[in-house]
Amino acid sequence: MSAFRRIVNTFSRSKLHQEIDAEIQAHLEMRIADNIAAGMSPKEARRNAMIRFGNRTVMRERMTAMDAATAFDALGRDLSYAARQLRRSPAFTAAALITLILGIGANVVVFGVVNSMVLRPLDVPQPAALYNVVHKTPGNDNLSYPDYVDFKNKNSTFSDMAAYRINNGGLSTRDAAYQCWYYRVSGNYFDMLGVQPAQGRFFHSSDEHGPNSAPYIVLSHNFWRWHFDSDPRIIGTNVDINKRPFTVIGVTPAAFHGTELFVWPDFWMPYVDNPDDNGTDFLSRRGSQNLWVLGKLNPGVTPLQATDNLNAIARELARQNPVDEDLNARLVKPGLMADMFGGPARSFLTGVMVLAFLVLLAACANLASLFASRTADRSRELAIRLALGSSRWNAFRQLLAEAMLISVLGGALGTLFSTVLLNTLTRWQPFPQFPIHVTVTPDPKVYFVALLLSIGSGILWGLIPARQVWATDSAQVMKTGAAGTLVFRRFTLRDLLLGVQIALCTLLVTCSFVALRGMQHSLHAPLGFQPQGVLLAETDLHMGGHFGASVTQIRRRMVEEVGRIPGVTSVGIIDETPLGTGGSSSLVYREGTTDFRPSNSAFGAKFFGISPGYLQAAGTGLLNGRDFTWHDDAKAPKVAIVNELFGRSMFGTADAVGRRFVWGEKPYEIVGVVENGKYDSLTETPWAAMFFPLEQNPNSDTSLMVRSHLPPAEIVPEVRRTLAQTDPGLPFVFHTWPDALAFVLFPARIATATLGVMGLLAAMLAVTGVFGMAMYSVSKRMKEFGIRVAVGAQPMQLIHSALRRPVVLLLSGSVVGLLLGVMAGQLLAQIVYQATPRDPLVLGGVLITMALLGLVATWIPAQRALGVHPASLLREE
Amino acid sequence: MARNDLQGTLDLLVLKTLSQMGELHVYGIVLHIQRASEELLSVEEGSLYPALHRMEMSGWICSAWKVTETNRKAKVYRLTPAGQKELQSVEKSFEQLVKGIRAILRYA
């Protein structure tokens, strides 16, 4: 502010005037002196000098008008006049401000999210060179460790490649135990990223010597600060992870949160260590694809060249290893779990950004027509100013100043609100059980975009009345009054603006309805289980130090003892909760297969390990055959329960009991068939699924399902007490199954909420737009209506001529918007389950909404047109 | 052709004057134009001020306060290199204008 003030002071108007006056004065004095020397009387000399010089004031005005310094001055005057004008019409100002706050605010929020999720790179050196290596088929983003090693060693386009995966486990010290999320990373991870330790050291490739050879962990700065009080003496001490000893060797810098934007680990450990594994050779299994691979491109190498390079290696690997026959490579931007979350999130955010922009455009269209009407109402004032000698440019600049003032003010307020919202969003932790940090705090880029949007929209809607200024014929206006200059043309720019606005609004309303309907469908979709009334107690038995036979014993005791609690109707265990953290899929083969290359497989199926009683506890319907018993143990013949789709796909019949298939190179007999269900997400294409007895499919993940009629508040303490008696050292996470499902429904909920808000904003804008236009055209034609009533026009005729145009615009805009909405629905269906615009309820809902909006918006104008009193109107003027 | 208007002509007169005389105040410029044109051209003296101001803002001339021989404080103007260039181009276009007008006059 002070710099601006200084400029204004230095070149202020008065100083400039003084200088010019002094110069002119000197000029005149020289002329007078010459005149006197030529023999004139002093008086005559003076008069002559004045005449020769011409109009002094005009000259001075022309000079100051040119000066840049006075441009500031003029701007100041324009702005203060604009502020006075706006204060004089608070209704217009408030309407415009609210419209802008909503329009710009929505954009800033959406851009803030886009900025932090898509545009902001990982906080490491040279982030632009980093790419995740994933498969070409979307949804299959992980590579196996041997494939990663081959890619890393054989490529010529990457300077280095690191691998990581996200695990959870229990970290315990002598005094405390924590349930943690951590990354298991290849030894070169930190070296490749170029991150330096804040304390101690990092591990390197040279530390890796086969399975469990590098028992080191690096703590995250946050974990170190919260749980170890930022004590540097922690370096070099031992902690237990899943009851195995590890040495803390370092702490990461505060700004480094791993290579996923939203999953911040508590610590890092070398991939060669596996606290979940009990001595198997997990480093050489080419078939188990569970790593994210991150590569840094060599300088000058394009992603396309690198992809070709990797695909050539993949073809070579496929020749050598049958299991790799489908291997290929694609590069995606890192940070959002490769393409798993990144793909849909990017397309959804792009979609929402477009919608938000459309809302702003609709807002600008709305303001433009509002402003144009206001300018038309002020045509007499404009005419007087032009008649008094103001230039058209000056008058236009004045109007533009008003538009800009409102826009910048509205933009500032909108940005303020969005900043508050974004900061709230950043603090919000939707799922306490996951280490999800949504950092969407606005940075300078966001503020810059906000300013740009404000100025842009100000210019956009401030320019519309320019035509009016240039078209004003002052003599004509002064003679006939404002109404006389208003020509109702057949089709004006403002009609187009309103039509566009209504089409956009209908589009947004359609999207909201589609999303809401899809949401409703998802909540009532057949899941293949009944989550109501089920309590989940989740744990990882490895955290309690259970391995091998101990796992089986503790599980059986848990089921039996919890089953004895009064009020519990059934209990069971599954290793991975369906629609929870996931669940793996694997290829199955027909009976008699001996060559287990992927192309010989029947299909891929989801697999789960379950205990006897799980099906009953989960409420999954058994269609044929039997449930497992505790006798189906490791020594018994291998058996499986499959879902209906599995049976149909492999045997062509739902009744597959007694049939056999091969999985993991071993034959299984099907003893039961259950209903189909949802396993990964609500929008998934139906999966074939198979269930195995827990003991025939060893795994430490344990989700205890307790079905009871009692409310959770009563049953949780009981279950907690019973489980603590079974094993005091085992950490459990309790939640009801419907609560746990919130995670799966989260994207759909967010999408629905976002679209709902956008739809609401658009609907408000459409109402104000139609209302404004109808009201304005009625108010301008009151005199005409008065005459028509006086000569006997019927009410319907009046309404027809007053509201025909808004209604036609509303109808045509709605039809266009609905068509656009139907097209956009295809896109929505990817995010919101069963979202389809071809739903009579959706189409009907949109039509009714638009009709209601139209009715609301035209009701008052129609009343006003009907209430015309010819006599009083004709007396006016 | 757009620059071949009267304002262009005034610019030409001022620039030419300054290039011939070096430093001059406005009154001096007026006197020079009258004298050099043998009293044929007389400009409204005040109208030179906006013109000079504009040329100064365009960077063709620069100004400074000086004391004249008659011991009076006056603002004097001088041509800048940019003004020198401008003068050449204005002169050229003026000659074209003159040629054009002469051609029309001959034809009539």
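Residues numbered from 1 in each chain as written. Chains lettered and ligands numbered in written order. Predicted model: local features only at pLDDT ≥ 70, side-chain atom pairs only at ≥ 80, totals over all residues.

Undergrad: Can you help me understand the overall build of chain B in this one?
TA: Scanning chain B from N- to C-terminus turns up four helices and three strands. In chain B, the succession of helices and strands from N to C terminus is α-β-α-α-β-β-α. Buried residues in chain B amount to 27% of all 108 residues. A separation of at least 24 residues holds for 48% of the contacts in chain B among residues at least 6 apart in sequence. (Helix = DSSP H or I, 4+ residues; strand = E, 2+ residues; numbered from the N terminus. Buried ≥ 20, exposed ≤ 12 C-beta atoms within 10 Å, placed from the backbone. Contact = placed C-beta atoms within 7 Å.)

Undergrad: In this structure, what is going on with the overall build of chain A? I would like to understand it.
TA: Looking only at helices and strands, chain A features 27 helices and 21 strands. Taken across its 877 residues, chain A has 41% of its residues classed as buried. Summarising the internal contacts of chain A: among those between residues at least 6 apart in sequence, 82% fall at separations of at least 24.

Undergrad: Before we go on, may I ask you to explain helix H24 (residues 782–790) of chain A in this structure?
TA: Along an α-helix, a turn takes 3.6 residues, which lines up residues three or four apart on a common side. Residue and element names in this part refer to chain A. Residues of H24 that are buried include every one of Phe785, Gly786 and Val789, and no others. End-on, the buried residues of H24 take up no more than an arc of 105 degrees, which puts them together on one face. Following H24 by one or two positions, Gly792 adopts a phi angle in the positive range, close to 100 degrees. (Arc of directions from axis to C-beta.)

Undergrad: Before we go on, may I ask you to explain the interface of chain B and chain A in this structure?
TA: By a widely used convention, the size of an interface equals the accessible area lost when the partners come together. Taken together, the contact between chain B and chain A spans 15 residues of the former and 15 residues of the latter. Of all the secondary structure elements, the ones that give two or more residues to the side of chain B that touches chain A are helix H2 (26–36), helix H3 (48–57) and strand E3 (73–79) of chain B. For the side of chain B that touches chain A, the leading source of residues is H3 of chain B, giving five residues. The class makeup of the residues in the side of chain B that touches chain A is six nonpolar, three polar and six charged. (Nonpolar A, V, L, I, M, F, W, Y, C, P; charged D, E, K, R; others polar.)

Undergrad: Mind showing me how you'd approach the pairing of strand E12 (residues 568–574) of chain A here?
TA: Note on strand geometry: in a regular strand, side chains alternate between the two faces of the sheet. Residue and element names in this part refer to chain A. By the criterion of burial, E12 is predominantly enclosed, with five of the seven residues buried. Pairing between E12 and strand E20 (residues 701–708): six bridges, direction antiparallel. Bridge pairing links Ile574 to Ser703 in E20. (Pairing = 2+ DSSP bridges.)

Undergrad: Honestly, the pairing of strand E17 (residues 660–663) of chain A in this entry has me stumped. Any pointers?
TA: Residue and element names in this part refer to chain A. Only one face of E17 is covered, namely the face carrying Phe661 and Trp663; the face carrying Arg660 and Val662 is uncovered. Note that strand E13 (residues 584–590) and E17 share three bridges and pair antiparallel. Each bridged residue has a counterpart across the sheet, and for Val588 the counterpart in E17 is Trp663. In terms of strand pairing, E17 meets strand E18 (residues 666–674) through four bridges, oriented antiparallel. Of the residues in E18, the one forming a bridge with Phe661 is Tyr668.

Undergrad: I would appreciate a short explanation of the sheet that holds strand E2 (residues 61–67) of chain B in the present structure.
TA: Strand pairing in a sheet relies on backbone hydrogen bonds. The paired strands run either parallel or antiparallel. All names here are of chain B. Spatial ordering of the open sheet is given by E1-E3-E2, a layout of three strands whose pairing is antiparallel. In this open sheet, the two edge strands, each paired with only one partner strand, are strand E1 (24–25) and E2. Judged from the two bridges that link them, E1 and E3 form a sheet pairing that is antiparallel. Directly across from His25, in E3, lies its bridge partner Val76. On the sheet, H3 packs against E2 and E3 and is oriented at approximately 115 degrees with respect to E2. (Axes fitted to C-alpha atoms, helices over the stretch in contact; angles between N-to-C directions.)

Undergrad: Could you clarify how one ought to interpret the packing of helix H19 (residues 549–563) of chain A against helix H22 (residues 712–726) of chain A in this entry?
TA: The axes of two packed helices give the description: the angle between them and the distance between them. Residue and element names in this part refer to chain A. Between H19 and H22, whose axes approach to 10 Å, the crossing angle comes to 145 degrees. The two elements H19 and H22 cross, and the hand of that crossing is right-handed. Residues Ile554, Arg557, Met558, Glu561 and Val562 of H19 pack against Val719, Thr722, Leu723 and Thr726 of H22. The class makeup of the residues in the contact of H19 with H22 is five nonpolar, two polar and two charged. (Left-handed = near helix turned anticlockwise from the far one by under 90°.)

Undergrad: Hey, could you run me through unusual backbone geometry in this one?
TA: Both trends apply: most residues other than glycine have a negative phi, and most peptide bonds are in trans. All names here are of chain A. Not every positive phi belongs to a glycine, and Asp229 is a case in point at roughly 55 degrees. Examined against the element boundaries, Asp229 turns out to sit in the loop between helix H9 (221–228) and strand E6 (238–241). Since 8 C-beta atoms lie within 10 Å of it, Asp229 is described here as exposed. Phi angles above zero are rare outside glycine, and Glu665 is one such case at about 65 degrees. Within the secondary structure, Glu665 sits in the loop between E17 and E18. Exposure remark for Glu665: the 9 C-beta atoms within 10 Å place this residue in the exposed category.

Undergrad: Honestly, the nonpolar core in this entry has me stumped. Any pointers?
TA: Burial of nonpolar side chains together is a common tendency in soluble globular proteins. Residues and elements named next belong to chain A. Grouped together as the largest cluster of nonpolar side chains are 94 residues, with contacts concentrated most on Val359, Ala362, Ala363, Ala368, Cys505, Leu508 and Ala762. The element contributing the most residues to this core is helix H11 (residues 338–377), with 16 residues. Residue contacts for Ala362: discarding those within four places in its chain leaves Gln501, Leu504, Cys505, Ala762 and Leu765. Counting residues in hydrophobic clusters, the runner-up holds 58 residues, among them Phe158, Tyr183, Ile241 and Leu310. (Core = buried A, V, L, I, M, F, W, Y, C linked by C-beta atoms within 7 Å.)

Undergrad: I tried to follow the environment of Phe92 of chain A on my own but got confused; where do I start?
TA: All names here are of chain A. Here Phe92 lies in helix H6 (residues 90–119). Judged by local crowding, Phe92 falls into the partly exposed class, with 19 C-beta atoms found within 10 Å. For the pair Phe92 and Phe371, spaced 279 residues apart in sequence, the C-alpha separation works out to 8.6 Å. Setting aside its immediate chain neighbours within four residues, Phe92 contacts Leu370 and Arg374.

Undergrad: Would you explain the packing of H6 of chain A against helix H14 (residues 444–463) of chain A in this entry?
TA: Residues and elements named next belong to chain A. Relative to each other, H6 and H14 sit at 150 degrees, their axes nearing to 10 Å. What the angle tells us is that H6 and H14 run roughly antiparallel. Viewed along their axes, H6 and H14 form a crossing whose handedness is right-handed. Of H14, the residues touching H6 (which contributes Leu100, Ile104, Asn107, Val108, Phe111, Gly112 and Asn115) are Lys445, Val446, Val449, Ala450, Leu453, Ser454 and Ser457. (Parallel < 35°, antiparallel > 145°, perpendicular 65-115°, else oblique.)

Undergrad: Help me understand the confidence of the model for chain A in this model?
TA: Low pLDDT means the predicted coordinates in that region are not meant to be read closely. On average, residues of chain A carry a pLDDT of 79, and 88% of them reach 70 or more. Per-element confidence in chain A ranges from a low mean pLDDT of 45 for helix H17 (residues 482–485) of chain A to a high of 92 for strand E16 (residues 639–643) of chain A. (pLDDT = per-residue confidence, 0-100.)

Undergrad: Could you clarify how one ought to interpret H22 of chain A in this entry?
TA: All names here are of chain A. Compared with an ideal rise of 1.5 Å per residue, which puts 15 residues at 21 Å, H22 spans 20 Å between its outermost C-alpha atoms and is within 8% of the ideal. If you check which residues of H22 are buried, you get Ile715, Val719 and Leu723. End-on, the buried residues of H22 take up no more than an arc of 60 degrees, which puts them together on one face. Those residues of H22 that are exposed and aimed more than 90 degrees away from the buried face are Ala713, Glu714, Pro717, Arg721, Ala724 and Gln725. Along its buried surface, H22 packs onto strand E11 (534–540), H19 and E20. (Expected span 1.5 Å × (residues − 1).)

Undergrad: Explanation requested: the confidence of the model for chain B in the structure shown.
TA: Residue and element names in this part refer to chain B. Residue-level pLDDT values for chain B average 82, and 92% of them are 70 or greater. Across chain B, E3 holds the top mean pLDDT of 89, while helix H1 (residues 6–21) sits lowest at 81. Here the predicted complex carries an ipTM of 0.86, next to a pTM of 0.63.

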